[in-house]
Amino acid sequence: MTIEYYLLILASLILISTLISLKLGVSVTIVEIVLGIIGGNIGIIEPEAWILLVATFGGILLTFLSGIEINVELMKKKFREIFLIGILSFTAPFMIIFLFVYFFIGWEFLPSLLAGTALSETSIAIVYSTLLQRDLFQHEIGKILLGATFITNLCTAIALSILFIKPDLYTIIFYLVAILVLFLAFKYSHLIFDSPRIKDKIHEFEIKYIFFLLVILIFFASLGGGQAILPAFILGLLLSNHFKTGSFNEETKKRMKAIAFTVITPIFFIVGGMRVSLSLIWAGILVFTLVLVFRLLAKFFGVYFISGKYLGSNRKYVALMMSTGLTFGLVATTFGLNTGILDQMSYSILTGVLVFSAIFPTLVAEKWFPPHIDGLID
């Protein structure tokens, strides 16, 4: 198939996803994943190299944008709530999935450990997209939920690095470059964002600057066998104040979101759905179902009770959103497949669990347990 054909299919899926989302009143992210599953399994679209590249950038861009929305002052003020929700969201599924897969399903030790790691994360892409669509970032629940998601994924990243990644020279170079990029961006980005000479909507220099930094992180991450998700989030966090001061910088954020959600991030979610092999999942349907159920239950009840203590009537919504999986979990499963820790069957089962975990809790949370808004953040 030609590049033009795949471009047409992607454009069609993106447009159809939006129309279905508006018609049914569900998150467009869910529809994009579902159409990705359908398109990938009936063979109308395949993961071409350029599609995977755009999807990779889409995931990193989403992570950066979510970092921008973090309210640092609220994280300090509500650190106890955010930390406890985030840490329990990681530890409960990590332990339960590892023990269940290892002792009851009979997987080897390393694949079981990787399963626990991959399924412990909360999808920062799903949480961010859903909160943005519901305009919840001006409310306390949105800030707390995104902060807890960051803590969960930080734990997942640390676990993946400590348990599986064997550092070499290129890995060290990646970490050094990431630290250097973060430091220089934090120290000198004001020269771009606060410069009256760059306030030009045609050239969009500040957006090109952000994209350039993200591409640097992606390049050196791939060189060192690492992932740019965590540095991209921290970059967004460090630059968040630049996007919260001045009408120019607020407008820059809006334009960046428009670029992201029009084309780039939909491809990320469609590719996420394309990774699911329904035939392999069907061949291991019992294992798939059990792992999915245990993962959802572990996530939900790991967060539900602690959320009730701090967020009251919103505990079901928070527990369901923290139960979503996709972004960093896909990174972990892909790493497992590439290094031989996972075979194609276990990879498809875990990836399928992640994708269905992105769909089911989000759908239930939006349809039956929408958040009760108590007040605005000052």
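This one's a predicted model, so the numbers in the text were calculated from it and none came from an experiment. (Residues numbered from 1 in each chain as written. Predicted model: local features only at pLDDT ≥ 70, side-chain atom pairs only at ≥ 80, totals over all residues. Heavy atoms only, no water.)

A. Molecular detail of the overall build of the chain. When helices and strands are tallied, the chain shows 18 helices and 0 strands. Here the chain has a C-alpha radius of gyration of 20 Å; the compact-globule value for 378 residues is 21 Å, and the two agree. In terms of overall dimensions, the chain has a C-alpha envelope of 60 × 55 × 50 Å along the principal axes. Counting across all 378 residues of the chain, residues that qualify as buried make up 56%. Once local pairs closer than 6 in sequence are excluded, the contacts in the chain between residues at least 24 apart make up 82%. (Helix = DSSP H or I, 4+ residues; strand = E, 2+ residues; numbered from the N terminus. Rg over C-alpha atoms; globule rule 2.2 N^0.38 Å. Buried < 20%, exposed > 50% of the residue type's maximum accessible area, 1.4 Å probe, protein only. Contact = heavy atoms within 4.5 Å.)

B. Here's a closer look at the side chain of Thr122. Mapped onto the elements of the fold, Thr122 is located in the loop between α6 (109-118) and α7 (124-133). Residue Thr122 is classed as buried on the basis of its relative accessible area of 0%. Once residues within four sequence positions are removed from consideration, Thr122 is found in contact with Ser89, Val127, Thr149, Thr152, Asn153, Lys299, Met321, Met322 and Thr324.

C. View of the environment of Leu354. With respect to the helices and strands, Leu354 occurs in helix α18 (residues 344-368). Measuring from C-alpha to C-alpha, the distance between Leu354 and Ser123 comes to 9.0 Å, with 231 residues separating the pair along the chain. Not counting residues within four places of it along the chain, the set of residues in contact with Leu354 comprises Ala118, Leu119, Glu121, Gly325, Leu326, Gly329, Leu330 and Thr333.

D. Representation of the environment of Lys208. Mapped onto the secondary structure, Lys208 falls in helix α11 (residues 205-223). Given a relative accessible area of 52%, Lys208 falls into the exposed group.

E. Region of interest: the packing of aromatic side chains. Evaluated as defined, the whole model comprises 24 aromatic pairs. Ring geometry for Phe100 against Phe294: centres 4.1 Å apart, planes inclined by 15°, an arrangement best described as stacked. Taken together, the positions of Phe100 in helix α5 (residues 79-105) and Phe294 in helix α15 (residues 285-311) put the pair 194 residues apart, joining distant regions of the chain. The exposure class assigned to Phe100 is buried, which follows from its relative accessible area of 9%. A ring pair is formed by Phe193 and Phe243, whose centres lie 5.1 Å apart and whose planes are at 65°; its orientation type is edge-to-face. Of this pair, Phe193 sits in helix α10 (residues 190-193) while Phe243 sits in the loop between α12 (229-239) and α13 (247-274), and the two are 50 residues apart along the sequence. When its relative accessible area of 1% is taken as the criterion, Phe193 is described as buried. Chaining the aromatic ring pairs together yields one cluster made of Phe64, Phe193, Tyr209 and Phe243. (Phe/Tyr/Trp six-rings, centres within 6.5 Å; stacked < 30°, edge-to-face > 60°.)

F. Here's a closer look at α6. Where burial is concerned, most of α6 is hidden: 8 out of the 10 residues are buried. When α6 is considered as a whole, its buried residues turn out to be Pro111, Ser112, Leu113, Leu114, Ala115, Gly116, Thr117 and Ala118. Where α6 is buried, its residues touch α5, α8 (140-163), α17 (327-339) and α18.

G. Representation of the pattern of salt bridges in the model. In this structure the tally under the stated criterion is 6 salt bridges. A salt bridge links Lys78 to Glu81; its shortest N-O distance comes to 3.9 Å. For the pair shown, Lys78 and Glu81 are each scored as buried. Notably, a salt bridge pairs Arg134 with Glu366, separated by 4.0 Å at the nearest N-O pair. Here Glu366 lies in helix α18 and Arg134 lies in the loop between α7 and α8, a separation of 232 residues in the sequence. Judged by its relative accessible area of 33%, Arg134 falls in the partly exposed class. (Salt bridge = Lys/Arg side-chain N within 4 Å of Asp/Glu carboxyl O.)

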